[in-house]
Each structure stands twice: as C-alpha cells, then as structure tokens.
Amino acid sequence: MQTIPINTYNSPAVVLELIYQIKIKDAMTKNLITVDENTSLRQIQNLMKEKLLTGIPIVNGKHLLGIISVDDIIQALDFGYIEDIASKHMTKNLIVLEDDMPISFAISYFDRFKFHRFPVLNKNKELVGMITNRDITNSLLMELNKAVANLEKEQAFNVDKKIINQVQSFTVKKHDFEEAGYASTQVKKFLKKSGFPAKIIRRAAIACYELEMNIVVHSEGGEIIAEFSPEELVITANDCGPGIKDINLALQKGWSTADEWIRSLGFGAGMGLPNVQSVSDDFSITSSREGTCVISTIKLTKQLDKEV
Amino acid sequence: MLTVEGLCELKGYKCALLGNAEDEVTNCYTGDLLSDVMGNAEEGSVLITIQAHKNTIAVASLVGIRAVVLCNGRTSPEDMRKAAKDEGVTIIETKDNQFSASWKIAGLLGLK
C-alpha cells in the first residue's frame, strides 16, 4: 500500500476521497511564466528576482524542454557561465505529472523525489501548469474545510431528526426517594443516545434532577415534562403546592427549608434551584399556594461556553 | 492511571460492588449534600461520602462519578448496590472518615 505519508487503507474516508477526488489541475498554478531556450541565465535570474520564482520552465511554444531552478542559477554564478543560454544548462530529465491525475500522485511524488515543483502536462503533452507543495496545502485545506463543514451539518441534521417534537412526561410523587432520579436518568439517556456533547447532557441532567428532587422533597407531588425540539430542551417542573413563600430566598445558595430527615438523606443543601439556574440558558419560576412551576431551557444546537 | 479497581486495593477498603473495573478515576470530591455534589463534582471523579443510599448512585450516574466511597463504616443497602450495578458505578466501603479517605485517595491521585 501507498503511504503518502498517511496510509491509504485505513485513513478516514473523507480524507482519502479528497486526495483522490482533487485533480492536479484543480490545485496547480496555471498562470506560468515561461521563457524560451535561448534566454540567458542572467535574464532568468533577473526574472526570478522580479517575480519571486524559484524555478522557470523552458519551453518551445507549449512544449516543455526543461527547467532552470535557483540551484542552476547559483551554479552558473559560481562557475561563471551566467551569460550562457538556458538550453545549455537546464535540467532536461524531468519528472512530470499529468493534469488529470489525482492529487495523491503529486503528494507521493513529493515524498519520493527531492524536487520542489513538478511541471504538469495535459494529454497532448503540452505544459499546462506547475505544482508545488504550497499548491497542495492550499487546495487540500480549502477542500477539507468544505468537507468538514458538510460533515458537521450532516451530524447536526442527524441529531435534529431524532428529537423533533419529542415530549416525555414523568409523574413525581411526594417523598418517593425510591423512584427519585428516574426522570432525569431517562432524559440523560435520551440525550446521550441522540449524540449530544457531554457538557450539554450534564447541564440537562443537573437541571432535571434538581427539579425532580425539589418535587420529591418539598411538594405534594407533581410532574416533570421534558420537551425536545431541534433547538432546545425545555424542562418544566409542575407541582401541586404548597408553594414557595419567598422565591428570592429559595434562589439563594445555601438557603433551605428541608428538615433533619431530608438532610440526613443528603438533600436540602440549598443548592437545588441555584444549580438549576446556573446550568439553564433560560430560567423562570412562578409559585403560589396551588403550586410551583419552574421552567428551565437548555439550548441544544450551539455548544455554549457555560461551564458547570 | 488510577482505576476504580486501584481504589479497592487501599488497605481497609472493601469493594461492595464493582462497576466497571477499568474506569479511570481522575479526580475526587468529598461531600454529603447531593446537590452540592451534583453541582461541583467533576466527571470521572470518585465521591467520598456517608450517604449510603440509592439516590447517591442516581447523582453519581448523572454527573459521571465512577466510584462512591462510603465512610465511617457505613454499608450499602441492597437497593443501592442494585442501582450501582445497573449504572456501572463502583461502591467501596471503609471505616475511615471522610478526611482520612480524602487524604489517602489524594495520594493515589498524586495530588499530595
């Protein structure tokens, strides 16, 4: 198998597709500066300086005869033949690529030979371009960019399709520590199965669990409703009273009305609602003697920086 | 690398239920208030606590705690071990208090 330098048998399909799909003609430089065989090396040296080139093809019309590189110019200066014409000193044994070849050929040629550029010919053996490592890097980066953007879109779409308009509701009973945590476990499993990032799942699990435990610990019973849409998860916690006397106090860290028994079970740290608030993108609470309603919204589409 | 199995090797620490032996433990949190644990424990942690009941496992599972160390000689009830088995959370029991347990586990984690 070819290694170029990634191996071509178990690399990601999207990368392999790219290096076979991109043709050399898509990546190569087409606007070439060429000279004929009677041009002097001095003229070529000046041309290189002026156009910032490191190698110039010598042609007869569209027919490639050879290449003069910076190295050839240095040699010419060294040995005093800079005024000679190109045909006398150009490299004639050239390794060329064809414009219809996939870019993988060029990558492997650069791996195998020490040249900095390869001339590219079309089917009629006419010079149509030159390709350098820089050309390959640029075209690969641009195409990788497109390919990864497509992959991301596809992934988002897959997630969206699964969760459109899902509603799950769970009955939560007063002081039922046996079943407590069931709703949040289900919501967490659903999000995990749908492939959401761990950070989002953690936030959803925390919000759901705290709301669920609030109903178990503090209320006469109620329900948790989880509504999934492509954009967000809305968790609604409704209970049948007795209501929160002072909502501002309840939102304060460490403030709790839990009794000794509840605390002995590990609840009543006074962190429930503050935890929900801190993980939610939107949060609202209303309360009366008839019941309390808390709505926590967690955005699913964009990965927010919100840390928990 | 510290695994949950590695925690069980501490002297005087008894594995009451082995979840996923190979799970890596990368941090530790000590606390008895579950909301506090929920909001602050990092994923991949071991939880040191005296809360020997089923809800501890629910919290552990939700935030990605790999193992729960029950201190002061408290033992895990049957329903807690069943929940732990379902969720793949390891339960370890010890006579140590939370301070000693924290100190020893910090050592295992290389946090001394």
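In case you missed it, the structure is sitting above this.
Residues numbered from 1 in each chain as written. Chains lettered and ligands numbered in written order. Predicted model: local features only at pLDDT ≥ 70, side-chain atom pairs only at ≥ 80, totals over all residues.

Draft legend 1. Structural detail: the packing of helix α3 (residues 54–63) of chain B against helix α4 (residues 78–87) of chain B. Residues and elements named next belong to chain B. For the pair α3 and α4, interaxial distance at closest approach is 8 Å and the crossing angle is 15°. Relative to α4, the element α3 is oriented roughly parallel. Here the hand of the crossing between α3 and α4 comes out right-handed. Contacts between α3 and α4 involve K54, I57 and S61 from the former and D79, M80, A83, A84 and E87 from the latter. Residue composition of the contact of α3 with α4, by class: 4 nonpolar, 1 polar and 3 charged. (Axes fitted to C-alpha atoms, helices over the stretch in contact; angles between N-to-C directions. Helix = DSSP H or I, 4+ residues; strand = E, 2+ residues; numbered from the N terminus. Parallel < 35°, antiparallel > 145°, perpendicular 65-115°, else oblique. Left-handed = near helix turned anticlockwise from the far one by under 90°. Contact = placed C-beta atoms within 7 Å. Nonpolar A, V, L, I, M, F, W, Y, C, P; charged D, E, K, R; others polar.)

Draft legend 2. Local environment of the sheet that holds strand β4 (residues 117–121) of chain A. Here we have 3 strands laid out as an open sheet, ordered β3-β4-β5 (chain A), and mixed in their pairing. Whereas interior strands pair on both sides, the edge strands pair on one side only; in this sheet they are β3 (97–98) and β5 (127–132) of chain A. (Pairing = 2+ DSSP bridges.)

Draft legend 3. Local environment of the nonpolar core. In this structure, A204 and C208 of chain A together with V46 and V69 of chain B are the most contacted members of the largest nonpolar core, which totals 70 residues. The element contributing the most residues to this core is helix α9 (residues 198–218) of chain A, with 13 residues. Those residues within four positions of A204 of chain A in sequence are excluded, and the remaining contacts are V187, K188, L191, L233 and I298 of chain A. I24, I103, A106 and M130 of chain A belong to the second largest nonpolar core, which has 13 residues in total. (Core = buried A, V, L, I, M, F, W, Y, C linked by C-beta atoms within 7 Å. Buried ≥ 20, exposed ≤ 12 C-beta atoms within 10 Å, placed from the backbone.)

Draft legend 4. Fine view of the pairing of β5 of chain A. Residue and element names in this part refer to chain A. Taken together, the 5 bridges between β4 and β5 define a ladder with antiparallel strand orientation. Within β5, the position partnered with P119 by the bridge is M130. Here β4 hands over to β5 after 5 residues, with K125 in that stretch at a positive phi of 65°.

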